[in-house]
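Residues per chain, in single letters:
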Amino acid sequence: MRKLTTPLIAALLLGLFSLPAGAQEKPQQITIGYQKANIFALLKYRGTLEKTLEPQGVKVRWIEFPAGPQMLEGLNVGSIDLAATGDAPPAFAQAAKADLVYLAHSPPSPKTEAIVVPQDSAIRSVADLKGKRVALNKGSDVNYLLVSALEQAGLSYKDITPVYLPPSDARAAFQRGSVDAWVIWDPYYAEVETHANARRLKDAEGLVPHYTFYFASRRFAETYPDSAKQVIQQLGALSDWANGHPQEAAAILAQSTGLDQAIWARAIARMPFGSQRMSPEVFRQQQQLADKFTAIGLLPGKVDVNAARWSEDKPEAP
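About the criteria used
Residues numbered from 1 in each chain as written. Predicted model: local features only at pLDDT ≥ 70, side-chain atom pairs only at ≥ 80, totals over all residues. Heavy atoms only, no water. Pairing = 2+ DSSP bridges. Helix = DSSP H or I, 4+ residues; strand = E, 2+ residues; numbered from the N terminus. Axes fitted to C-alpha atoms, helices over the stretch in contact; angles between N-to-C directions. Contact = heavy atoms within 4.5 Å. UniProt positions renumbered as here; feature names shortened; annotations may be inferred. Parallel < 35°, antiparallel > 145°, perpendicular 65-115°, else oblique. Nonpolar A, V, L, I, M, F, W, Y, C, P; charged D, E, K, R; others polar. Buried < 20%, exposed > 50% of the residue type's maximum accessible area, 1.4 Å probe, protein only. Salt bridge = Lys/Arg side-chain N within 4 Å of Asp/Glu carboxyl O. Core = buried A, V, L, I, M, F, W, Y, C linked by side-chain atoms within 4.5 Å. Phe/Tyr/Trp six-rings, centres within 6.5 Å; stacked < 30°, edge-to-face > 60°. Polar contact = N/O pair within 3.5 Å; in protein donor to acceptor, adjacent residues only side chain to side chain.

A.B. asks: I tried to follow the sheet that holds strand β5 (residues 113–117) on my own but got confused; where do I start?
C.D. replies: In spatial order, the strands read β7-β6-β8-β5-β9; together these five strands make up an open sheet with mixed pairing. The open sheet is flanked by β7 (161–164) and β9 (199–203), the only strands paired with a single partner. Between one strand and the next, the sheet's axes are offset by a mean angle of 30°, whatever the strand orientation. Bridge count for strand β6 (residues 133–136) against β7 is four bridges, and the pairing is parallel. Within the sheet, the bridge partner assigned to Val-134 lies in β7 and is Pro-162. In the packing of helix α7 (residues 167–176) onto the sheet, the strands contacted are β5, β6 and β8 (181–185), and the crossing angle to β8 comes to about 145°.

Structural data, given as structure tokens:
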């Protein structure tokens with residue numbers, strides 16, 4: 001009888017306990033970053049992801065962040081596995097060497113961000129912004145909207161004075177008249193329309209598509225691709241529910257943010273939810289955004305957006 005050596009025993013045990021072909025290990029926990037006003041907040045409050053993953057022995061942990069850039073930094077350092085932000089933060093995250101991947105994106109929602117001015121302002125066109133003080137969140141999606149709108153009007157970024165403020169501070173500056181215009185996104189856009197009688201000067205329609213992107217750290221996406229897909233599938237199912245139940249979705253987001261349900265109803269009316277697979281065209285649009293920020297000096301150098309492709313989306317070698 002053949003004597004079982006230690007290496008042979010180890011090999012047999014490895015074969016006994018290894019996963020069958022096609023099976024994948026599940027994480028014990030998925031940590032998701034969210035903001036009070038984005039789709040992951042809806043998913044958190046609905047609790048459907050937990051119901052799906054609990055039978056698989058997977059727990060869900062939620063960590064709140066004030067904005068997209070901080071959330072993607074959390075993704076980069078490993079404090080979270082998944083996140084959702086708008087168009088611009090990932091370009092800045094890549095410039096900072098964050099190892100993230102694009103999983104999917106929402107439908108375009110260009111009407112959910114706009115340049116607004118006070119109702120009685122003499123500013124009637126984007127061209128009238130020349131020499132004016134414009135409040136915005138630096139490196140955000142609306143930063144891209146402003147640059148694109150100025151170019152369309154024959155102006156450059158140097159023709160205005162950007163005043164970089166987070167939404168709460170920008171709202172106060174807009175109210176007291178210390179800035180001439182504000183570039184902002186929903187639900188803050190809907191709130192200032194409702195409570196400050198702001199007038200829309202230009203939204204992103206025809207200028208920039210404006211997506212919400214769903215991200216994972218590369219480590220998580222490559223180690224647990226099935227789990228990443230499950231979360232994206234849940235976001236798709238949630239989107240179908242939210243699109244069909246806008247008042248219920250508005251009520252949840254009102255509870256999450258403390259804003260009136262009527263404000264959220266106004267925002268959701270121009271905010272299609274969804275989850276779509278990344279495409280070459282969307283990557284091209286993101287590259288255009290990154291190149292624009294590099295050209296105006298907000299990014300220190302060239303960013304290769306395609307480097308953040310998930311292996312699941314890469315074309316197979318011939």
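Having put the structure on the table, let's press on.
A.B. asks: What should I look at first to understand the UniProt feature "domain: Solute-binding protein family 3/N-terminal" (unreviewed entry) in the protein chain in this one?
C.D. replies: Within the UniProt annotation, "domain: Solute-binding protein family 3/N-terminal" (unreviewed entry) is assigned to residues 29–245. Across residues 29–245, the secondary structure splits into 40% helix and 23% strand, with the terminal C-alpha atoms separated by 30 Å.

A.B. asks: Looking at this structure, I do not really get the packing of helix α6 (residues 141–152) against helix α13 (residues 280–295). What am I missing?
C.D. replies: Axis angle and axis distance: for two packed helices, these are the angle between their axes and the distance between the axes, and together they describe the pair. The contact between α6 and α13 brings their axes to 11 Å, and the two run at 80°. By the angle between their directions, the pair α6 and α13 is classed as roughly perpendicular. Taken together, the residues of α13 that come into contact with α6 (itself represented by Asn-143, Tyr-144, Val-147 and Glu-151) are Gln-285, Gln-288, Leu-289, Lys-292 and Phe-293. When its residues are assigned to classes, the contact of α6 with α13 shows four nonpolar, three polar and two charged.

A.B. asks: Would you mind going over the side chain of Asn-143 with me for this structure?
C.D. replies: Assignment of secondary structure puts Asn-143 in helix α6. Residue Asn-143 is classed as buried on the basis of its relative accessible area, which comes to 0%. For Asn-143, the contacting residues outside a window of four places in its chain are Leu-136, Asn-137, Lys-138, Tyr-157, Tyr-164, Phe-293 and Leu-298.

A.B. asks: Whenever I open this one, the pattern of salt bridges confuses me. Can you help?
C.D. replies: Where side chains of opposite charge bring their charged atoms close, a pairing between them can arise. Counted according to the given criterion, the structure contains 14 salt bridges. Linking Arg-200 and Asp-203 is a salt bridge whose minimum nitrogen-to-oxygen distance equals 3.9 Å. The exposure class of Arg-200 is partly exposed, given its relative accessible area of 48%. Here Arg-284 and Glu-281 are joined by a salt bridge, their closest N and O atoms 2.7 Å apart. Within this pair, Arg-284 and its partner Glu-281 are both found in helix α13, separated by three residues, close to a single helical turn. Look at the salt bridges and you will find they share partners, linking Lys-111, Arg-200, Asp-203 and Glu-205 into a network.

A.B. asks: In this structure, what is going on with the side chain of Ser-239? I would like to understand it.
C.D. replies: Tracing the backbone through its elements, the reader meets Ser-239 in helix α10 (residues 225–244). Residue Ser-239 is classed as buried on the basis of its relative accessible area of 1%. Leave out the neighbours within four places in its chain, and Ser-239 touches Ile-39, Phe-273, Gly-274 and Ser-275.

A.B. asks: What exactly am I supposed to notice about the nonpolar core here?
C.D. replies: By size, the foremost hydrophobic cluster in this structure holds 48 residues, and its most contacted members are Leu-100, Tyr-102, Ile-115, Leu-129, Leu-146, Tyr-157 and Val-183. The greatest single-element share of this core, amounting to seven residues, is contributed by α6. Counting residues in hydrophobic clusters, the runner-up holds 43 residues, among them Ile-30, Ile-32, Val-60 and Trp-62.

A.B. asks: Honestly, the packing of aromatic side chains in this entry has me stumped. Any pointers?
C.D. replies: Under the criterion given, the structure shown has 13 aromatic pairs. Aromatic side chains Tyr-102 and Phe-215 sit 4.8 Å apart centroid to centroid with 55° between the ring planes, which places their arrangement in the tilted category. With Tyr-102 in strand β4 (residues 100–105) and Phe-215 in strand β10 (residues 213–217), the pair connects residues that are 113 residues apart, well separated along the chain. Between Tyr-102 and Phe-283, the aromatic rings sit 5.4 Å apart at their centres with planes inclined by 70°, giving edge-to-face as the arrangement. Here Tyr-102 is found in strand β4, whereas its partner Phe-283 is found in helix α13, with 181 residues between them in sequence. The two residues Tyr-102 and Phe-283 agree in class, both being buried.

A.B. asks: When you look at unusual backbone geometry in this model, what are you seeing that I'm missing?
C.D. replies: Trans is the common state for peptide bonds, and a negative phi is the common state for residues other than glycine. Residue Pro-187 is bonded to the preceding Asp-186 through a cis peptide linkage, with omega at 10°. Checked against the element boundaries, Pro-187 lands in the loop between β8 and α8 (188–195). At Lys-97, a residue that is not glycine, the phi angle is positive and equals roughly 70°. Assignment of secondary structure puts Lys-97 in the loop between α5 (89–95) and β4.

A.B. asks: Help me out: how do you make sense of helix α2 (residues 39–46) in this one?
C.D. replies: Since the α-helix advances by 3.6 residues per turn, residues separated by three or four positions end up pointing in the same direction. Of all the positions in α2, only Ile-39, Phe-40, Ala-41, Leu-42 and Leu-43 are classed as buried. Between a side-chain oxygen at the N-terminus of α2 and the backbone nitrogen of Phe-40 the separation is 3.1 Å; the capping residue is Asn-38.

A.B. asks: Please explain the pairing of β5 as it appears in this structure.
C.D. replies: A regular strand carries its side chains on alternate faces of the sheet. Within β5, five of the five residues are buried, which leaves it mostly tucked inside the rest of the structure. Where β5 and β8 come together, four bridges link them in antiparallel fashion. Bridge pairing links Glu-113 to Trp-185 in β8. Pairing of β5 with β9 involves four bridges; the strand directions are antiparallel. The residue bridging Ala-114 from the neighbouring strand is Asp-203, located in β9.

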